[in-house]
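Architecture and fold: a report
Each chain is listed here by its residues.
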Amino acid sequence: IGADDSDYYYVVRDHVIPQIKDFKPDIVFIAAGYDALSGDAYADQELTPDWFGWCVAELMSLAIAPLVLNLEGGYTPENVVRAIEKTIDALDGTKPEDFLSLMSIEPLCKSSAAHNKQVCYTRRVSLEDQRGMASASSSDAQVAHQVKATATRHLKAATQFKAEADAKKAALEAESDKLTGKVNKKARGMKLKQISEIEKSPEYIDACLVITGQASKFGNFS
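Rules behind the numbers
- Residues numbered from 1 in each chain as written.
- Predicted model: local features only at pLDDT ≥ 70, side-chain atom pairs only at ≥ 80, totals over all residues.
- Heavy atoms only, no water.
- Axes fitted to C-alpha atoms, helices over the stretch in contact; angles between N-to-C directions.
- Helix = DSSP H or I, 4+ residues; strand = E, 2+ residues; numbered from the N terminus.
- Parallel < 35°, antiparallel > 145°, perpendicular 65-115°, else oblique.
- Left-handed = near helix turned anticlockwise from the far one by under 90°.
- Contact = heavy atoms within 4.5 Å.
- Nonpolar A, V, L, I, M, F, W, Y, C, P; charged D, E, K, R; others polar.
- Core = buried A, V, L, I, M, F, W, Y, C linked by side-chain atoms within 4.5 Å.
- Buried < 20%, exposed > 50% of the residue type's maximum accessible area, 1.4 Å probe, protein only.
- Expected span 1.5 Å × (residues − 1).
- Salt bridge = Lys/Arg side-chain N within 4 Å of Asp/Glu carboxyl O.

**A short note on the packing of helix α1 (residues 5–23) against helix α2 (residues 49–62)**
The geometry of α1 relative to α2 is characterised by a closest axis approach of 11 Å and an angle of 15° between their N-to-C directions. As judged from the angle between their axes, α1 and α2 are roughly parallel. Considering the relative orientation of α1 and α2, their crossing is right-handed. Note on element contacts: α2 touches α1 through Trp51, Trp54, Cys55, Glu58, Leu59 and Leu62, opposite Asp5, Tyr8, Tyr9, Val12, Arg13, Ile17, Ile20 and Lys21. Within the contact of α1 with α2, the residues separate by chemical class into ten nonpolar, no polar and four charged.

Next up, the structure:
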């Protein structure tokens, strides 16, 4: 289950843009890949072409530094063409709010906001560590430790839940395989229904999301 316009919008608005403003770069290089588009042949994200237009338009509106876009991924040509068109519209002066009016942005729930903050802060600390610039203040170090500990705990819980659920699914699948012939059709159907119910349960969906580094949809493991 890929992230959509809303997920990416809040991360860029609340975390990426403030970091750019604080850093005040001389130039901004953008890896302009479009494989996060919904329907891409290889990726599993759910972005619309309007999101790419909004993102570039938002960066343009900052007027902090020149933008350099380097065309990269995107493996479904008809989708990529539409996204590039929106990007060009943004470079040509279309305002962020014009793109935003075409997007379906859902309200940001508390669990998603907390997850975004956790992931972005962890990523920032990781980059600073790699550059030999570990956080200078003890308060930042304490927050980073808490974020890491919380993320580890949630990931462990999600991983354990999914492992147990997958074990149940495997057992049900094995039982279903043994129920051959018309006489066992109903019983086999019941086993398959149980498997489907596990896969569609809020806990299982959230476990899959958290394990892959995404925000939980139903508030589990967060």
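**Some thoughts on the nonpolar core**
In terms of nonpolar packing, the biggest core is built from 26 residues, with Val12, Tyr34, Trp51, Phe52, Trp54 and Leu59 touching the most fellow members. Put simply, the parts of the chain that give this core at least two residues each are α1, β1 (28–32), α2 and α3 (77–91). Excluding anything up to four places from it in sequence, tyrosine 34 contacts Asp40, Phe52, Leu71, Gly73, Gly74, Val80, Ala83, Ile84 and Thr87. Counting residues in each nonpolar core, the second largest holds five residues, with Ala165, Ile195, Ile198 and Tyr204 among its members.

**Focus on α3**
Given 3.6 residues per helical turn, the α-helix brings residues three or four places apart onto the same face. With 15 residues, α3 extends 21 Å from end C-alpha to end C-alpha; this agrees with the ideal 21 Å at 1.5 Å per step. Glycine 93 sits one or two residues past α3 and shows a positive phi near 115°.

**Section: the pattern of salt bridges**
Per the counting criterion, the structure on display carries six salt bridges. Note that lysine 86 and aspartate 50 form a salt bridge whose closest N and O atoms lie 3.0 Å from each other. Of the two residues, lysine 86 sits in helix α3 while aspartate 50 sits in helix α2, which places them 36 residues apart along the sequence. Residue classification places lysine 86 among the partly exposed positions, given a relative accessible area of 23%. Where lysine 169 meets glutamate 199, a salt bridge forms, and the shortest distance between an N and an O atom there is 3.0 Å. Here lysine 169, found in helix α6 (residues 138–178), pairs with glutamate 199, found in helix α7 (residues 185–200); they are 30 residues apart in sequence, far enough to count as distant.

Purely spatial values, then, with no claim about function.
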